[in-house]
Each structure stands twice: as C-alpha cells, then as structure tokens.
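Chains, contacts and geometry: an overview
Here is what each chain is made of, one letter per residue.
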Amino acid sequence: MTDNKINETGAEDIRKPEYLVYQRPRTLTETELHYCPGCSHGVAHKILMEVIEELDIQETTIGIAPVGCSVFAYHYMNIDMQEAAHGRACALATGIKRTMPDKYVFTYQGDGDLAAIGTAETIHAANRGENILTVFINNGVYGMTSGQMAPTTLPGMVTTTSPFGRDVALQGHPLKISDLVATLPGAAYVTRHSVHTVANVRKAKRAMKNAFEYQKQGLGYCLIEIVSNCPSNMKMTPLEANKFVEEKMIPYYPLGDLKKPEVK
Amino acid sequence: MAKVYGDIVVDIEKCKGCELCIEVCPENTLALSEVINKKGYRYSIKINDNCTGCANCAIICPEAIITVYRKVEKKAV
C-alpha cells in the first residue's frame, strides 16, 4: 500500500545520520572504479570491504591484488595491499601469512589469474592448508585482454578465440576449480556464490564473513568462488549478462557450499 | 500499520547507468535520467516518493554510490 502523495515529512527531512540504513563502506576509497557498467567486480569489492568494516579488521588485513581486470584493486580497497605477479597471489599470500600469522590475508583473483596461469600455486596453497582466503571471480572470459577463452568458459560459449563456441572435443572441458580444491584435505571452506541478485549478494557477503572467522580460528584454506558476469565481453547489457549468469552459468557452476568445516 | 519513509541519494557523477538498481527496485522508484553526467552516462534518479528504504538498489550497485535513509513512523494507538 503506497500512495503517490508527496512525502509529508519532506524529502530532505530524513537525510539524517539517525535514519541512515546503507552507505558506501569507509574501507573503499573515493576513487571511481574503472570497471565497465554493471560489472560484478564492483559488487564483489564492495561486499568484501563491507565485511572488513563490519569485523573492524581494516588495520590488520592484507590483501593481494591479482593481474587481470581487478589489477587496480589496491586503488579501491583502503587497506594494505600488495600486487602479485600473474597467478602468484596465493604464493605471495603464503609468505605474508607465514611471516605475520596474526594478520588476516586474502587474495582477490579472476579466472585467468587463478584458474589458468596460477592453477599450480592455488592448488598447492590449498593442499598445504595455508590459512588464507581466496576470492575467485569466475566470469568465464579473459576480461582484461578483451574476451579470449578462459579455462572456465562454458561449452558452446562464444569468445574472441572461440568464435564458433567452445568445442569440448578440441578445447577441453571447463575447469571447476572449486570442486578440485574441495577434494584436498588442506582446504577448510570451499563455497560458490554469485552476485547477480540482491539475495545472492547477501549470501556471498555472509560467506566472506564466515571465511574471515575461520581464518581467525586457523582452520585452513578458504576459497569463495563468485560466478560473475562480463557484460562487455559477453556483448550484452548488464541485465542480459545477469540473466545469462542465471540461466547458463549457474546450471554448470551450481551455487552452494562444497566443503564446510565443522564448527566447534 | 507503521508508515515507512525512504530516501536515497545517488552520487550521479560516479553512476555508469548499468540499470541494475532499476531492475531490483520493488517500488519502481528509480529510472534513468534524460541528461548525461560528465562521463557521458545516463544516471539513475529517483522519480517518485514510493521509496521504502529497502536498500536493494544500494546492495546491488557495483559502484557503491547509493546512500539509503529510512524512517519508520509508528502510528499513535
């Protein structure tokens, strides 16, 4: 029941701190994001920084920026960040976490970084049970270099290097990194989420919060995969790209927890 | 029933007009502007007073530029 009458209290009246329900997290800098309109990277950055703000660990968190679209993550996240060589974020995070075990360490990687060039580093870091969190943005293309086929590209999906669609007989099957990591004994928490609807954003945020809590308890390697869109390289509007995520990507990459530690 | 007033503030110069907030708004309060910002994007604006401050738009916004206010006015019994 809503009426179209002008708000009696006046629009300006409720723009007061006591009525504030949502604002940009202070852990994000004021820099404008360079991502394309509607890109999931923005949402993922935002929920990660909201979690850091809510847990009040801005001073004690170290992030590792990857190579890929999110290479400038250190410009946007107002915490201590270190840029890693392409694919080597987990190796760098291992070093940082081992020298400073009281800090929270996370890596933020895309599918070209984590699932292609950095597969070895990721899998071995997980297998060693390094006490770090990896946020894995899986959008199925190499976004930064203009949309080439990635290991995670869906069968039949058109990219600039698979113009007739990915042929699994020729180019192999999409790599499900999360399922792979979940089989390793060192991995504590492996989960797959998406950020294409409000409900899924909330779930992904809760998963990130859990992961930082598991890291505090020293349970082992945490991996959060976020199934994302890439409107520019999928040649779609942001709304169509989110629909593609819903209809095509999520059936192949089903959402949910793949591995969860037993909470004491 | 308690009356709910909501309001949003969009940082229009950072908006890229992706329309995700317009899609998720349950009250159809948001629309794209007729004019463009300095980047050349049509930005998101509030077109009516139906806003309930549910913050769906702010949660889905990739640029994190929407600030949401909500005031609940309880009716005197």
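Residues numbered from 1 in each chain as written. Chains lettered and ligands numbered in written order. Predicted model: local features only at pLDDT ≥ 70, side-chain atom pairs only at ≥ 80, totals over all residues. Heavy atoms only, no water.

We now examine the sheet that holds strand S10 (residues 256-259) of chain A. Residues and elements named next belong to chain A. Strand order in the open sheet formed by 7 strands is S3-S2-S4-S5-S9-S8-S10, and the pairing between neighbours is mixed. A strand with exactly one partner marks an edge of an open sheet, and here the two such strands are strand S3 (80-83) and S10. With strand direction ignored, the average angle separating the axes of adjacent strands in the sheet is 20 degrees. On the sheet, helix H3 (residues 89-99) packs against strand S2 (61-65), S3, strand S4 (104-110), strand S5 (133-138) and strand S9 (221-227) and is oriented at approximately 175 degrees with respect to S4. Strands S2, S4, S5, strand S8 (187-194) and S9 of the sheet are contacted by helix H8 (residues 198-217), whose axis makes an angle of about 165 degrees with S8. (Pairing = 2+ DSSP bridges. Helix = DSSP H or I, 4+ residues; strand = E, 2+ residues; numbered from the N terminus. Axes fitted to C-alpha atoms, helices over the stretch in contact; angles between N-to-C directions. Contact = heavy atoms within 4.5 Å.)

If you look at the biggest cluster of nonpolar residues, it comprises 39 residues, and the most contacted ones within it are Leu48, Met77, Phe106 and Phe212 of chain A. Secondary-structure elements contributing two or more residues to this core are helix H1 (40-55), S4, S5, H8 and S9 of chain A together with helix H1 (20-24) and helix H2 (56-60) of chain B. Of all the elements, H8 of chain A adds the most residues to this core, at 8 residues. Those residues within four positions of Leu48 of chain A in sequence are excluded, and the remaining contacts are Met77, Phe106, Tyr108, Val135, Met208 and Phe212 of chain A. Membership of the second largest hydrophobic core comes to 22 residues, among which are Ile62, Ala115, Ala125 and Ile177 of chain A. (Core = buried A, V, L, I, M, F, W, Y, C linked by side-chain atoms within 4.5 Å. Buried < 20%, exposed > 50% of the residue type's maximum accessible area, 1.4 Å probe, protein only.)

Now for the interface of chain B and chain A. Often, the extent of an interface is quoted as the loss of accessible area on bringing the components together. Every contact between the two is made by 38 residues of chain B and, on the other side, 41 residues of chain A. With both chains or domains summed, chain B and chain A bury close to 3,300 Å², and 57% of this area falls on carbon and sulfur atoms. Together, Lys14, Ile59 and Tyr69 of chain B form the three largest contributors to the area buried by chain B at its contact with chain A, with a combined 18%. At the surface where chain B touches chain A, the tally comes to 3 salt bridges. (Buried area = accessible area lost by both parts, 1.4 Å probe. Salt bridge = Lys/Arg side-chain N within 4 Å of Asp/Glu carboxyl O.)

On to helix H5 (residues 119-127) of chain A. An α-helical turn contains 3.6 residues, so a residue and the one three or four places further along point in the same direction. Among all positions in H5 of chain A, only Thr119, Glu121, Thr122, Ala125 and Ala126 of chain A are buried. Just downstream of H5 of chain A, Gly129 of chain A is the residue with a positive phi angle, here 70 degrees.

Quick look at the sheet that holds strand S4 (residues 66-73) of chain B now. Spatial ordering of the open sheet is given by S1(A)-S4(B)-S1(B), a layout of 3 strands whose pairing is antiparallel. Looking at which strands have only one partner, the edges of the open sheet turn out to be strand S1 (20-22) of chain A together with strand S1 (3-10) of chain B. Averaged over all pairs of adjacent strands, the angle between strand axes in this sheet comes to 30 degrees, irrespective of strand direction. Pairing of S1 of chain A with S4 of chain B involves 2 bridges; the strand directions are antiparallel. Within S4 of chain B, the residue paired with Tyr22 of chain A across the bridge is Val68 of chain B.

Residues and elements named next belong to chain A. End to end, H1 covers 23 Å across 16 residues, agreeing with the expected 22 Å (1.5 Å per residue, within 8%). Within H1, 13 of the 16 residues are buried, which leaves the element mostly enclosed by the surrounding structure. Asp56, located one to two residues past H1, shows a positive phi value of around 60 degrees. (Expected span 1.5 Å × (residues − 1).)

Glancing now at the layout of surface pockets. Residues and elements named next belong to chain A. Quantified by volume, the second largest pocket comes out at close to 330 Å³. Around the second largest pocket sit 17 residues that line it, and Val21, Tyr22, Glu50, Glu54 and Lys205 are the ones nearest its centre. With 5 residues, the top contributor of residues to the lining of the second largest pocket is H1. Taken together, the residues of the lining of the second largest pocket break down into 8 nonpolar, 1 polar and 8 charged. (1 Å grid on protein atoms, 1.4 Å probe; cavity = no way out; pocket = protein on both sides within 12 Å on 5 of 7 lines; lining within 4 Å. Points joined across faces, edges and corners; volume = space filled by probe spheres on them. Nonpolar A, V, L, I, M, F, W, Y, C, P; charged D, E, K, R; others polar.)

It is worth spelling out the confidence of the model for chain A at this point. On average, residues of chain A carry a pLDDT of 92, and 95% of them reach 70 or more. Below pLDDT 50 for its whole length, residues 1-9 of chain A participates in 15 contacts with residues either more than four positions away or in separate chains. (pLDDT = per-residue confidence, 0-100.)

For the structure shown, the criterion picks out 19 salt bridges over all chains. For Lys205 of chain A, the salt bridge goes to Glu50 of chain A, with nearest N and O atoms at 2.9 Å. Remark: Glu50 of chain A occurs in helix H1 and Lys205 of chain A occurs in helix H8; sequence separation between them is 155 residues. For the pair shown, Lys205 of chain A and Glu50 of chain A are each scored as buried. Put simply, Glu225 of chain A and Arg192 of chain A hold a salt bridge, and the shortest N to O gap is 3.1 Å. Here the residue Glu225 of chain A occupies a position in strand S9, and Arg192 of chain A occupies one in strand S8, the gap between them amounting to 33 residues. One salt-bridge network, held together by shared partners, links Arg15 of chain A together with Asp7, Lys46 and Asp49 of chain B.

This part takes up the side chain of Glu130 of chain A. Residue and element names in this part refer to chain A. Here Glu130 shows up in the loop between H5 and S5. A distance of 2.6 Å separates a polar atom in the side chain of Glu130 from a polar atom in the side chain of Arg98. Aside from chain neighbours lying at most four places away, what touches Glu130 is Thr94, Arg98, Ala125, Gly220 and Tyr221. (Polar contact = N/O pair within 3.5 Å; in protein donor to acceptor, adjacent residues only side chain to side chain.)

So, on to the pairing of S9 of chain A. Residue and element names in this part refer to chain A. Counting buried positions along S9 gives 7 out of 7 residues, so the element sits mostly inside the fold. With burial as the criterion, each face of S9 is covered, one bearing Tyr221, Leu223, Glu225 and Val227 and the other bearing Cys222, Ile224 and Ile226. The pairing of S5 with S9 spans 6 bridges and is classified as parallel. Its bridge partner being in S9, Thr134 is matched across the sheet by Leu223. Examined bridge by bridge, S8 and S9 share 7 bridges and lie parallel to one another. Pairing of Arg192 across the sheet is with Glu225, part of S9. In this view, the connection linking S8 to its parallel neighbour S9 by way of H8 has right-handed handedness. (Right-handed = clockwise from strand over helix to strand, strands pointing away.)

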